[in-house]
Amino acid sequence: MTLGSKIAWDDTVLPFQLDASDMRGRVARLDGVLDGILKQHDYPPQVEALVAEMALLTALIGQTIKLRWKLSLQVQSKGAAVRMIATDYYAPEKEGDPARIRAYASYDPSRLEPGLPFDQVGEGYFAIMIDQGHDMQPYQGITPLAGGSLSACAEAYFAQSEQLPTRFSLSFGKSSEPGVSERWRAGGMMLQHMPKASPFAAELQGTGDILNAADLIPEETAENWNPVNMLLATVEDLELIGPTVSPTDLLVRLFHEEQPRVYDAQAVQFGCTCSEERVRNSLSIYSAKDLETMTTEDGRVTADCQFCGAHYDLDPKTLGFEAENPPS
């Protein structure tokens, strides 16, 4: 793959379908986006890996939402080193615009232990939320943290909440190239089958067991699902993250007998929606007395954005519903 085509595929999500197997999917490559997310923080390597995996899942899942909608993924754990991971995917405002992704993690450095990144999250839940805009009820679905990875949690979510057999193959890490500074890269593929739910799924839902994709595949569709998943399992890390194989070439290499069809790629970029106006709006419900408890020794009210690190320094007299000098 040439330098030009490599750059063209970086920070994109390519939707596709496999006509011969009744499946759809996405291939994602994150380069500058992931670097933009992680350079805002000084995370330990295990936390960086979790944020990278979560951002990649967010890009793959978020590509399906409609214009101007917002998708959020969240991990909440109980008493573990990593207490929370939150990501947001903002769909394009109009066709042709890039989507925006942001992410951050809350963690306790003293609780981090040797081991795999997923070992740092412990018990808790994985949630997906969709905000469809004003006057619309947000959607939320959750599943327990289990399966050994965040992608396994996402697969369980689609099985439990959507009854959609779903598989992910992800790769992420720091990339080193001659003459280029070390930086994070990620790539992944998502596959979904669209049959009717298996009758066994209904039986399992009331047992407390966590469903997986195999529970949703009836015998008549397993002949499509199983071979395609065996092919997906053969994909190599370098094929997912580049720079030698383009997403279109990868689809042909893996699934040429399944008649892959690709659609327009969606560009993604790092983007945060924080602003001074939003901070002021969030503080507008407080009285002057309440704001006194938030005021620093220097007589200011400050706020920091967890996603992008922006710092806001405000005069308390201009805040709240009792503001003496509200901004024009």
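All values derive from a computational prediction rather than experimental measurement.

Participant: What should I look at first to understand the pattern of salt bridges in this one?
Facilitator: Two side chains bearing opposite charge may form a pair once their charged atoms approach each other closely. Taken as a whole and judged by the stated rule, the model has 14 salt bridges. With a closest N to O distance of 3.2 Å, R185 and D10 form a salt bridge. Residue R185 is found in strand β9 (residues 180–193), and its partner D10 is found in the loop between α1 (3–9) and β1 (12–18); the two are separated by 175 residues along the sequence. The same class applies to R185 and to D10, which are both buried. In this structure, D108 and R111 form a salt bridge, with 3.6 Å as the shortest nitrogen-oxygen distance. Three or more residues are tied together by salt bridges with common partners; here these are D10, D31, D35, R183 and R185.

Participant: What is the right way to read the nonpolar core from this model?
Facilitator: Nonpolar side chains tend toward joint burial in soluble globular proteins. In this structure, V51, I85, F126 and F168 are the most contacted members of the largest nonpolar core, which totals 57 residues. Broken down by element, this core gets its largest block of residues, 12 residues, from helix α3 (residues 45–62). Once residues lying within four places of it in the same chain are set aside, the contact partners of I85 are L50, V51, M54, L73, Q74, V75, Y104, A105 and L150.

Participant: When you look at the pairing of strand β13 (residues 311–314) in this model, what are you seeing that I'm missing?
Facilitator: Regular strands have side chains that alternate between both faces of the sheet. Residues Y312 and L314 of β13 are buried on one face, while the alternating residues H311 and D313, pointing to the opposite face, are not. As paired elements, strand β12 (residues 301–304) and β13 share four bridges and run antiparallel to each other. Note on β13: the bridge partner recorded for D304 is H311. Between β12 and β13, which pair antiparallel in sequence order, lie six residues; one of them, G309, sits at a positive phi of approximately 85 degrees.

Participant: When you look at unusual backbone geometry in this model, what are you seeing that I'm missing?
Facilitator: Leave glycine aside and you will find that most residues have negative phi; peptide bonds, for their part, are mostly trans. Of note in the backbone geometry, R68 takes a positive phi value of approximately 70 degrees without being a glycine. If you trace the backbone, R68 turns up in the loop between α3 and β3 (70–77). Unlike most non-glycine residues, Q259 shows phi in positive territory, near 55 degrees. Tracing the backbone through its elements, the reader meets Q259 in the loop between α8 (247–255) and β10 (260–262).

Participant: How should the side chain of R26 be read in this particular structure?
Facilitator: Structurally, the position occupied by R26 is in strand β2 (residues 23–30). Within the buried core, R26 has no salt-bridge partner, and the shortest N-O distance to an opposite charge, that of E162, equals 11 Å. Reaching out from R26, the side chain makes a polar contact with the backbone oxygen of L60 at a distance of 3.1 Å. In this structure, R26 is in contact with V13, L14, P15, F16, L60, I61, Q63, T64, G188, M189, M190 and Q192, ignoring residues within four places of it in sequence.

Participant: Can you help me understand the packing of aromatic side chains in this one?
Facilitator: Where two aromatic rings form a pair, the distance of their centres and the angle of their planes describe that pair. Applying the stated criterion to the full structure yields three aromatic pairs. The interplanar angle of 85 degrees and the centroid separation of 4.8 Å between the aromatic rings of Y104 and F307 together place this pair among those described as edge-to-face. With Y104 in strand β5 (residues 99–107) and F307 in the loop between β12 and β13, this pair connects stretches of sequence that are 203 residues apart. Taking the relative accessible area as the measure of exposure, Y104 reaches 12% and is therefore buried. Since its relative accessible area comes to 11%, F307 is described here as buried. For the cation-ring pair, R102 lies above F307, with the distance from its terminal atom to the ring centre recorded as 3.8 Å.

Here is what the cut-offs are and how they apply
Residues numbered from 1 in each chain as written. Predicted model: local features only at pLDDT ≥ 70, side-chain atom pairs only at ≥ 80, totals over all residues. Heavy atoms only, no water. Salt bridge = Lys/Arg side-chain N within 4 Å of Asp/Glu carboxyl O. Helix = DSSP H or I, 4+ residues; strand = E, 2+ residues; numbered from the N terminus. Buried < 20%, exposed > 50% of the residue type's maximum accessible area, 1.4 Å probe, protein only. Core = buried A, V, L, I, M, F, W, Y, C linked by side-chain atoms within 4.5 Å. Contact = heavy atoms within 4.5 Å. Pairing = 2+ DSSP bridges. Lys, Arg positive; Asp, Glu negative; His and termini not counted. Polar contact = N/O pair within 3.5 Å; in protein donor to acceptor, adjacent residues only side chain to side chain. Phe/Tyr/Trp six-rings, centres within 6.5 Å; stacked < 30°, edge-to-face > 60°. Lys NZ or Arg CZ within 6 Å of the ring centre and 35° of its normal.

By themselves these figures say nothing about function.
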